[in-house]
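# Examination of the molecular architecture
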Amino acid sequence: KNKKQKTKKTFSLLKSKVGKKKENRFPNADLARFRNQTTYGSRMRNKKIQVNLKFYKNTGKTRPDNVLVSTIHKEWFGNYESLEYLHGYIQWLFPIHEKGMNWESQPLQLQERIKLMNDMNAMNRLVASYRLMLDFFGFELVDEGTGEICVVNPKQIDNLNTHGHNFLRICRILKCLGLFKMFNLQTGFFVGLLRTIIIDKTLDNAKSSCVWYWSNAILHDADRIELHQIIMENSNLANMVKGKAGKSNQKITQFSASTTTTMSEGDVTTRKPQLLAAISSSTPEDDASEQKQETMDNQQGRGGKRTSTHSHEEGENEPKKPPEGDVDVDAKYNQ
């Protein structure tokens with residue numbers, strides 16, 4: 001009898017663990033917790049931990065690589081091999097209130113975040129780290145004010161498309177930008193990625209990450225809802241949502257509406273709609289259908305030349321120079 005009871009108890013324990021594992025893998029649950037900024041990281045109050053603060057003040061080094069942030073910015077910019085195959089730097093460059101796969105790093109503490117946000121030099125270094133990773137992914141920051149990015153290195157876009165561990169890095173970067181209230185950079189980064197998927201069609205392998213993870217990391221409610229709408233209006237991405245939800249209208253609605261971000265009034269900024277309009281006004285299903293529509297318009301005398309809001313040229317690939325200031329290197333798996 002005792003043996004049967006023990007077996008039953010063990011089975012129940014295993015079953016509960018499996019259930020928790022499945023729940024943790026569901027993107028909306030993890031990112032809904034992240035978007036609730038009143039509770040996310042509320043337990044990270046260890047005042048003895050200062051490693052992230054020291055790192056971005058350029059007085060502490062990464063572990064295990066033992067590198068200053070200024071050294072990373074100067075010597076790792078354009079060093080794609082190191083950025084690809086070293087996996088201990090990303091948690092240092094983009095600290096969040098979560099443990100990463102580098103066990104020698106530490107989750108960001110609340111007092112560290114406050115001090116870093118009040119340090120202009122530290123924030124400039126964080127933007128330099130973002131520029132470093134953008135270049136590695138094949139992008140360039142066009143306008144820091146709006147957050148607009150463009151493709152400058154198609155070869156690195158292809159590398160991003162074929163090295164899926166970078167998708168986890170992107171999720172961490174998006175979280176970090178939002179955590180430090182760089183909402184324009186956060187939304188601009190996602191818009192650039194989404195544009196590369198929908199319009200350029202050179203990042204097909206990232207569709208699932210884009211739909212279920214990256215989009216739900218956007219903290220600005222209006223941006224996230226509009227971006228979800230753009231995703232639902234694109235048949236390829238919308239089919240992924242319907243398929244994942246088992247064609248359940250309730251779950252599709254849940255995806256579109258998402259969970260409202262809990263933020264203070266001072267955090268909510270007035271967004272500039274140009275970046276979102278660049279995608280929503282130019283989401284052809286394929287080039288052939290767009291050309292066919294243009295031909296029909298011309299034949300019927302209803303339209304002139306169609307213009308595209310997609311401004312950057314994919315073929316541009318000029319030699320890169322490191323941005324002024326610092327640039328970073330860190331690790332691999334970062335969600």
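Another aspect to go through is the overall build of the chain. For the chain, the helix and strand inventory stands at 17 helices and two strands. Across the 335 residues in the chain, those meeting the buried criterion constitute 48%. The contacts in the chain between residues at least 6 apart in sequence include a share of 74% that link residues at least 24 apart. As displayed, the chain has an accessible area near 17,300 Å², and 50% of this comes from carbon and sulfur atoms.

Mapped onto the elements, D30 comes out in helix α2 (residues 27–35). D30 gets classed as buried once you look at its relative accessible area, which sits at 16%. Looking at D30, its side chain comes within polar contact range of the side chain of K175, at 3.3 Å.

Sheet topology note: the strand β1 (residues 139–143)/strand β2 (residues 148–151) ladder contains four bridges and is antiparallel. In the strand pairing of β2, F139 is matched with V151. Counted along the chain from β1 to the antiparallel partner β2, the turn is four residues long, and its residue G147 has a positive phi close to 85°.

A separate point is the nonpolar core. Of all hydrophobic cores here, the largest spans 71 residues; its most connected members are Y130, M133, F189 and W214. The contact partners of M133, leaving out residues within four places of it in the chain, are L83, Y89, I90, F94 and I173.

In this section: the packing of helix α10 (residues 165–179) against helix α11 (residues 183–200). Contact pair α10 / α11: the axes reach a minimum separation of 7 Å and the direction vectors enclose 150°. Classified by the interaxial angle, the pair formed by α10 and α11 is roughly antiparallel. Note on packing geometry: the crossing formed by α10 with α11 is left-handed. Only F183, L185, Q186, F189, F190 and L193 of α11 make contact with α10, whose side of the interface consists of I170, I173, L174, L177 and G178. Of the residues that constitute the contact of α10 with α11, the class distribution is nine nonpolar, two polar and no charged.

Reading the values: the criteria
Residues numbered from 1 in each chain as written. Predicted model: local features only at pLDDT ≥ 70, side-chain atom pairs only at ≥ 80, totals over all residues. Heavy atoms only, no water. Helix = DSSP H or I, 4+ residues; strand = E, 2+ residues; numbered from the N terminus. Buried < 20%, exposed > 50% of the residue type's maximum accessible area, 1.4 Å probe, protein only. Contact = heavy atoms within 4.5 Å. Areas by Shrake-Rupley, 256 points an atom, 1.4 Å probe, with all protein chains shown as cover. Polar contact = N/O pair within 3.5 Å; in protein donor to acceptor, adjacent residues only side chain to side chain. Pairing = 2+ DSSP bridges. Core = buried A, V, L, I, M, F, W, Y, C linked by side-chain atoms within 4.5 Å. Axes fitted to C-alpha atoms, helices over the stretch in contact; angles between N-to-C directions. Parallel < 35°, antiparallel > 145°, perpendicular 65-115°, else oblique. Left-handed = near helix turned anticlockwise from the far one by under 90°. Nonpolar A, V, L, I, M, F, W, Y, C, P; charged D, E, K, R; others polar.

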